[in-house]
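The residues making up each chain are set out below.
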There are 2 protein chains.
Amino acid sequence: MTAGTGEDDIISRFFRPIATSPAARGLFDDAALLTPPPGCDLVLTKDALVAGVHFFPDDSPASVARKALRVNLSDLAAKGAQPLGALLALALPRPLDEAWLEAFALALGADADLFGCPILGGDTVSTPGPISLSITAFGAVPSGGFVPRTGAAPGQAILVSGTIGDAALGLQLRLDPGRAGFRDLPEAGRAHLADRYLHPQPRLALADALRAHAACAMDVSDGLVGDVTKMLAASGCGGLLRASQVPLSEAARVAIEVEPELLATALGGGDDYEIAATVPLDAVPMFRAAAAAAGVPVSVIGETYRGEGLDVVGRDGHPLQLAHGSFSHF
Amino acid sequence: MTAGTGEDDIISRFFRPIATSPAARGLFDDAALLTPPPGCDLVLTKDALVAGVHFFPDDSPASVARKALRVNLSDLAAKGAQPLGALLALALPRPLDEAWLEAFALALGADADLFGCPILGGDTVSTPGPISLSITAFGAVPSGGFVPRTGAAPGQAILVSGTIGDAALGLQLRLDPGRAGFRDLPEAGRAHLADRYLHPQPRLALADALRAHAACAMDVSDGLVGDVTKMLAASGCGGLLRASQVPLSEAARVAIEVEPELLATALGGGDDYEIAATVPLDAVPMFRAAAAAAGVPVSVIGETYRGEGLDVVGRDGHPLQLAHGSFSHF
């Protein structure tokens, strides 16, 4: 036959309806075509997810779609960029689970609309392995506005957006719901933690404030302590992080109060998708004001100093030892 | 530990050495940073490859790397674009096969240099499944210069670059080396077919000629007949393709002479990574001259006409029936 192949049918049924940007060219072409906004630099990022590694095989397809897009948007936000579009590579087992694919595509399209990041193209293939996907997201920053990971210098405040540890606790809750720390949690608290694990909230609203005031930034995806350690190492300075200043949600606070060992999970676990940044001390009030205006809470959690490494001080004032500072992808 | 994770080690040992473009930021950042060339549009493409589906699990890692990059570069070439850079997502089974990864990264770096397409970043993850990867390539065309797949109109010549069918025959040779058609092939002929399957040659040299003269173009990756059918359908016209005019290598010619059924393999098989284009009749001589100046042979293989569908005329002048016009990815 010279008519449509299976991939063409998949594109036509599931992806053409969500690829409505002119840059996607109706998914009829080999490639997408994007005119970059004048006076802008491009920010390019790509994250891969594998069933059984980055999400549970029984996660809903809508949750998988949202997570795949949002972890990339989180990278753009940390660099001060606003999204221009994304490409998807999706590898699916045979036979095709059409209900899964339909729900995945619908949720991806809805998130693309929600975050202003149109799906411009990609590739759908079969795999003898688990569902695997990668998304490449493109963003724009005004020329010279890229917020690097390498800009920290001694004498800056270390800040983080939102609350830390909810996602890692949500993962623990899923793995071991009867665990002591979760026993006293009301249903709303459990739902909050579970949702933070499943559905990252990319901090795109913080991008302008980061560009205006931050010396360096990264998104916290592999655990706060490990990621801040990486950021300072990349910048060539050291720092101090006070666990007592790390912002916690009410649900996390209750869980850690009952089971103090969960503090290490909160500080060292992954999937926060909050933004860690350093800001010169005199710019902190302006950064706070800009973040508040954007609707994003930010908290000072420590300072940078001359030297190397990240010292973590526990809530008792003593150095805190973490078995694992960050999630390893390999 | 708060020191480097496994992924950091992989980046540092295998990928940082090949990511030498300033846009890669030493792979120390969350994202790559690219200043688009002024006056250009961006062309974005993404292809995924899975071991056991798109390549043989025992293919050399160097061949896998080359194929993964080049199939994307072929898409850029077909759109008249020159590469700006690429991102890689790589999912590898545990335990890590370091020798495989080292050879893969070295070959990818060498190809990135060869084709002027620097590796700017990406993601490395583990998978319980087979080796899987996707590459996203970015290219630039002068504003308005994008060569669409949808530009064919009645009364244009259909042309193709290089020779067709070598890769599909190379795959058959690998699957069934004792097959009649391959028995009389000299060793050089066998090596030619095998190499064409393993190592696509992206026709980036043809990009300028396509931009100057082609009405539409696409790369031939899923089989000549199926892909030209798609291109004409996307453009809303019909066409005639003469099998006698389809350019064949000496090795393909010998194989098909001995076993005429292999003509269908050549015309319907995939992995050519040549460019099919339509060119207004009066521009064909100029297109030929520009292609020749770029060192790329091109051949007229048919014409477009008002209507729909692609009629394929066999070497005997009668309509040719192909069981499969193209490779299905799903």
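Chain A goes by Thiamine-monophosphate kinase in an unreviewed UniProt entry, where it is assigned to Azorhizobium oxalatiphilum. Quoted verbatim from the Sequence similarities (unreviewed entry) heading of the UniProt record, the comment on chain A is "Belongs to the thiamine-monophosphate kinase family."

Superposing chain B onto chain A requires a rotation of 180° together with a translation of 0.0 Å along the rotation axis, leaving an RMSD of 0.0 Å. Here the transformation between the copies is reduced to the relation of a two-fold axis. Rotation axis and chain B: the residue whose C-alpha lies nearest the axis is B:G129, separated from it by 2.1 Å. Most of the interface of chain B is mirrored in chain A, where 100% of its interface residues again form contacts.

With 75 residues of chain B at the interface, the matching set in chain A holds 75 residues. Summing both partners gives a buried area of about 5,900 Å² for chain B against chain A, and 60% of it is carried by carbon and sulfur. At the junction of chain B with chain A, the criterion picks out 8 salt bridges. Salt-bridge contacts for B:D30 lead to A:K79; the nearest nitrogen and oxygen are separated by 3.0 Å. On the surface where chain B and chain A come into contact, there are 28 residue pairs in polar contact (both at pLDDT 80 or more). Here the element with the most residues in the side of chain B that touches chain A is strand 2 (residues 40-50) of chain B; it accounts for 10 residues. Per-class residue counts for the side of chain B that touches chain A are 40 nonpolar, 20 polar and 15 charged. One ladder, built from 3 bridges, connects strand 1 (residues 32-34) of chain A with strand 2 of chain B; its direction is antiparallel. Residue pairing in the sheet places A:L33 in a bridge with B:V43 of strand 2 of chain B.

What follows is about the sheet that holds strand 8 (residues 238-242) of chain B. Residue and element names in this part refer to chain B. If you trace the 6 strands from one edge of the open sheet to the other, you get 7-9-6-10-8-11, paired in mixed fashion. Each edge of the open sheet carries a strand with a single partner, namely strand 7 (216-220) and strand 11 (310-313). Geometrically, the sheet is characterised by an average inter-axis angle of 25° between neighbouring strands, direction not taken into account. When strand 6 (residues 156-161) meets strand 9 (residues 274-280), the two strands line up antiparallel, connected through 5 bridges. Pairing of L159 across the sheet is with A277, part of strand 9. Across the sheet, helix 2 (residues 61-78) is in contact with strand 7 and strand 9; its angle to strand 7 comes to roughly 165°. In the packing of helix 8 (residues 224-235) onto the sheet, contacts are made with strand 6, strand 7, strand 8, strand 9, strand 10 (298-305) and strand 11, and the angle to strand 7 comes to roughly 155°.

What counts, and where the lines are drawn
- Residues numbered from 1 in each chain as written.
- Chains lettered and ligands numbered in written order.
- Predicted model: local features only at pLDDT ≥ 70, side-chain atom pairs only at ≥ 80, totals over all residues.
- Heavy atoms only, no water.
- UniProt positions renumbered as here; feature names shortened; annotations may be inferred.
- Least-squares fit on C-alpha atoms with pLDDT ≥ 70 in both.
- Contact = heavy atoms within 4.5 Å.
- Buried area = accessible area lost by both parts, 1.4 Å probe.
- Salt bridge = Lys/Arg side-chain N within 4 Å of Asp/Glu carboxyl O.
- Polar contact = N/O pair within 3.5 Å; in protein donor to acceptor, adjacent residues only side chain to side chain.
- Helix = DSSP H or I, 4+ residues; strand = E, 2+ residues; numbered from the N terminus.
- Nonpolar A, V, L, I, M, F, W, Y, C, P; charged D, E, K, R; others polar.
- Pairing = 2+ DSSP bridges.
- Axes fitted to C-alpha atoms, helices over the stretch in contact; angles between N-to-C directions.

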